[in-house]
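Now for the letters of each chain:
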Amino acid sequence: LANVKAEKSSLAAEVNALSEQIAVATQKEKCLTLKVQERQGEIDTLANDLNSAKICHEKAVKVHSSNNEKANCAYDKKSNELKQRISSLTMELQVCTDQTDKLRATL
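The paragraphs below set out a description of the structure included in this document.

Reading guide: rules and limits
- Residues numbered from 1 in each chain as written.
- Predicted model: local features only at pLDDT ≥ 70, side-chain atom pairs only at ≥ 80, totals over all residues.
- Heavy atoms only, no water.
- Helix = DSSP H or I, 4+ residues; strand = E, 2+ residues; numbered from the N terminus.
- Buried < 20%, exposed > 50% of the residue type's maximum accessible area, 1.4 Å probe, protein only.
- Areas by Shrake-Rupley, 256 points an atom, 1.4 Å probe, with all protein chains shown as cover.
- Lys, Arg positive; Asp, Glu negative; His and termini not counted.
- Charge placed at Lys NZ, Arg CZ, Asp CG, Glu CD.
- Salt bridge = Lys/Arg side-chain N within 4 Å of Asp/Glu carboxyl O.

Per the secondary structure count, the protein includes 1 helix and 0 strands. Dimensions of the protein along its principal axes, counting C-alpha atoms only, are 155 × 20 × 10 Å. Taken over 107 residues, the protein has a buried fraction of 1%. Entry remark: accessible area of the protein is about 9900 Å², with carbon and sulfur atoms responsible for 60%. For the protein, the distance from the average site of its 16 positive side-chain charges to the average site of its 15 negative ones is 4 Å.

What follows is the structure, encoded as structure tokens:
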């Protein structure tokens, strides 16, 4: 009878020790689960930030492309205007040169 009581006590102590280990392991599991959830939240936030940066970059590329097209159109327009002005001035210069040559011939 004494042996049975001692064995019961020993088993009860083992059960208590195992219960404590289970409680500690459960607490660690909860902490790890929270850390995983936090990290997942951070990953989601970073993924959203990355996606936002990608969208901003794409918009910037479109804006710059649009600005480049506008700048090219403005350049082409100004270039054509200048070419026409140069052509007009060249013709005026030729007329002046011809008139100068005629004046010199009469002198």
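So, next bit.
The topology assignment puts S52 in helix 1 (residues 2-106). Here the alpha-carbon distance between S52 and Q21, two residues 31 residues apart in the chain, equals 46 Å.

With that out of the way, let us pick up the pattern of salt bridges. Across all of its chains, the model carries 3 salt bridges by this definition. Close ionic contact of E42 with R39 constitutes a salt bridge, the shortest N to O distance being 3.5 Å. Linking E42 with R39, this pair stays in helix 1, spanning 3 residues, or about one helical turn. On the basis of relative accessible area, E42 is assigned to the partly exposed category, the value being 43%. Close ionic contact of E81 with K78 constitutes a salt bridge, the shortest N to O distance being 4.0 Å. Here the residue E81 and the residue K78 both occupy positions in helix 1, the gap between them amounting to 3 residues, near one helical turn. Using a relative accessible area of 36% as the deciding quantity, one classes E81 as partly exposed. The class of K78 is partly exposed, set by a relative accessible area of 48%.

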